[in-house]
Amino acid sequence: NAGVTQTPKFRILKIGQSMTLQCTQDMNHNYMYWYRQDPGMGLKLIYYSVGAGITDKGEVPNGYNVSRSTTEDFPLRLELAAPSQTSVYFCASSFPTSGSSYNEQFFGPGTRLTVL
Amino acid sequence: RKEVEQDPGPFNVPEGATVAFNCTYSNSASQSFFWYRQDCRKEPKLLMSVYSSGNEDGRFTAQLNRASQYISLLIRDSKLSDSATYLCVVNPRGGYQKVTFGIGTKLQVIP
């Protein structure tokens, strides 16, 4: 089991460029999430998905888009990159169980993105 | 008031010391509480859940105080390998697996 994998590990973008951050999990988890982490700030939820074909906005969705065509993959798209999107991006997944409001989230290693 | 507040530290403690962190939360209806550990430039990983009755895992003890709306993490006999940032995580609304992360408390254990 590779768990949650993310690519690329690092990326530098110019203002206005676009890119897709890839996230794949092999644990057959229904729930997947995208967070960003900025220095001195907690992880902020960008988007999440409760299953293939279902996505919803989190706390900071502006400037991002997601899709979930399969259980395994949950790519995050940045359109028209801005310096404010410089951050570390983490993808995570979890497997909800009946009667529990929360189950452990497993995180990928992160993507460090710089927008110049 | 922030949903989840933590002292960012750093807490610099000698090996073998006992150290405690607190985390306060604003929503009295919060249902679930957790501590995650994040090593430098790595992803967060679940350290332990926090139960109403308190729970212990080896050198780590987590407690919940609903009346004062805080959770705590106690680390006994600190090891160099305990050096990390400890994230407080609260499930404020229940359901849907959505949680709020604190900014983390940085611990540095010194030889």
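Residues numbered from 1 in each chain as written. Chains lettered and ligands numbered in written order. Predicted model: local features only at pLDDT ≥ 70, side-chain atom pairs only at ≥ 80, totals over all residues. Heavy atoms only, no water.

Each helix and strand in chain B was counted, giving zero helices and eleven strands. Ordering the α and β elements of chain B from the N terminus gives β-β-β-β-β-β-β-β-β-β-β. A compact globule built from 111 residues should have a C-alpha radius of gyration of about 13 Å, and chain B, at 13 Å, falls within 12% of that. Expressed as lengths along the three principal axes of its C-alpha atoms, the size of chain B is roughly 40 × 30 × 25 Å. Residue pairs in contact within chain B that sit at least 24 positions apart in sequence constitute 56% of those at least 6 positions apart. Carbon together with sulfur atoms contributes 48% to the accessible area of chain B, which is approximately 5400 Å² in total. Of note, chain B has its 13 positive side-chain charges centred 6 Å away from the centre of its 10 negative side-chain charges. (Helix = DSSP H or I, 4+ residues; strand = E, 2+ residues; numbered from the N terminus. Rg over C-alpha atoms; globule rule 2.2 N^0.38 Å. Contact = heavy atoms within 4.5 Å. Areas by Shrake-Rupley, 256 points an atom, 1.4 Å probe, with all protein chains shown as cover. Lys, Arg positive; Asp, Glu negative; His and termini not counted. Charge placed at Lys NZ, Arg CZ, Asp CG, Glu CD.)

A few words on the sheet that holds strand 8 (residues 70–75) of chain B. Residues and elements named next belong to chain B. Ordered by their spatial adjacency, five strands build an open sheet running 1-3-8-7-6, and the pairing between neighbours is antiparallel. One side of each edge strand has no neighbouring strand; the edge strands of this open sheet are strand 1 (4–6) and strand 6 (55–57). Recorded for the sheet is a direction-independent mean angle of 20° between the axes of neighbouring strands. As judged from the six bridges shared by strand 7 (residues 60–65) and strand 8, these two strands associate in the antiparallel manner. Bridging from a neighbouring strand, Thr 61 pairs with Leu 74 of strand 8. (Pairing = 2+ DSSP bridges. Axes fitted to C-alpha atoms, helices over the stretch in contact; angles between N-to-C directions.)

Attention now goes to the interface of chain A and chain B. Listed per partner, the contact involves 25 residues of chain A and 21 residues of chain B. Each partner contributes to the roughly 1900 Å² buried at the junction of chain A and chain B, and carbon and sulfur atoms together form 55% of this total. Here chain A and chain B share zero salt bridges between them. There are two residue pairs in polar contact (both at pLDDT 80 or more) connecting chain A and chain B. Looking at the side of chain A that touches chain B, the elements with two or more residues in it are strand 4 (31–37), strand 5 (44–51) and strand 9 (87–94) of chain A. At four residues, strand 4 of chain A tops the list of elements feeding residues into the side of chain A that touches chain B. The residue makeup of the side of chain A that touches chain B, split by class, is 13 nonpolar, nine polar and three charged. (Buried area = accessible area lost by both parts, 1.4 Å probe. Salt bridge = Lys/Arg side-chain N within 4 Å of Asp/Glu carboxyl O. Polar contact = N/O pair within 3.5 Å; in protein donor to acceptor, adjacent residues only side chain to side chain. Nonpolar A, V, L, I, M, F, W, Y, C, P; charged D, E, K, R; others polar.)

As a further point, take the layout of surface pockets. Counted as a void, the largest pocket has a volume near 750 Å³. Split into classes, the residues belonging to the lining of the largest pocket amount to 13 nonpolar, ten polar and seven charged. (1 Å grid on protein atoms, 1.4 Å probe; cavity = no way out; pocket = protein on both sides within 12 Å on 5 of 7 lines; lining within 4 Å. Points joined across faces, edges and corners; volume = space filled by probe spheres on them.)

Another aspect to go through is the environment of Phe10(A). Within the secondary structure layout, Phe10(A) lies in strand 2 (residues 10–13). Taking C-alpha positions, Phe10(A) is 9.1 Å from Val88(A), a pair spaced 78 residues apart along the chain.

Overall, the coordinates contain seven salt bridges over all chains when judged by the stated rule. Two residues, Glu79(A) and Arg77(A), come together in a salt bridge whose shortest N-O distance is 3.1 Å. In this structure, Asp82(B) and Arg59(B) form a salt bridge, with 2.8 Å as the shortest nitrogen-oxygen distance. Here Asp82(B) is found in the loop between strand 8 and strand 9 (84–91), whereas its partner Arg59(B) is found in the loop between strand 6 and strand 7, with 23 residues between them in sequence.

The linkage connecting Thr7(A) with the following residue, Pro8(A), adopts the cis geometry, with an omega of -5°. Of note, the amide linkage connecting Gly9(B) to Pro10(B) takes the cis form, showing an omega dihedral of 10°. Within the secondary structure, Pro10(B) sits in the loop between strand 1 and strand 2 (11–14). You will see that Leu80(A), though not glycine, has its phi angle at about 55°, which is positive. Note that Leu80(A) resides in the loop between strand 8 (76–78) and strand 9.

Attention shifts here to the pairing of strand 9 of chain B. Residues and elements named next belong to chain B. For strand 9, the tally of buried residues reaches eight of eight residues, placing the bulk of the element in the interior. Side chains Ala 84, Tyr 86, Cys 88 and Val 90 project from strand 9 onto one buried face, and the interleaved Thr 85, Leu 87, Val 89 and Asn 91 project onto a second face that is buried too. Both strand 4 (residues 32–38) and strand 9 contribute to a ladder of seven bridges, which runs antiparallel. Looking across to strand 9, one finds that Tyr 36 is bridged to Leu 87. Across two bridges, strand 9 lies against strand 10 (residues 100–101) in antiparallel orientation. Residue Val 89 lies in a different strand from strand 10, and its bridge partner there is Phe 101. (Buried < 20%, exposed > 50% of the residue type's maximum accessible area, 1.4 Å probe, protein only.)

Take it as geometry only, folks, not as evidence of what the structure does.
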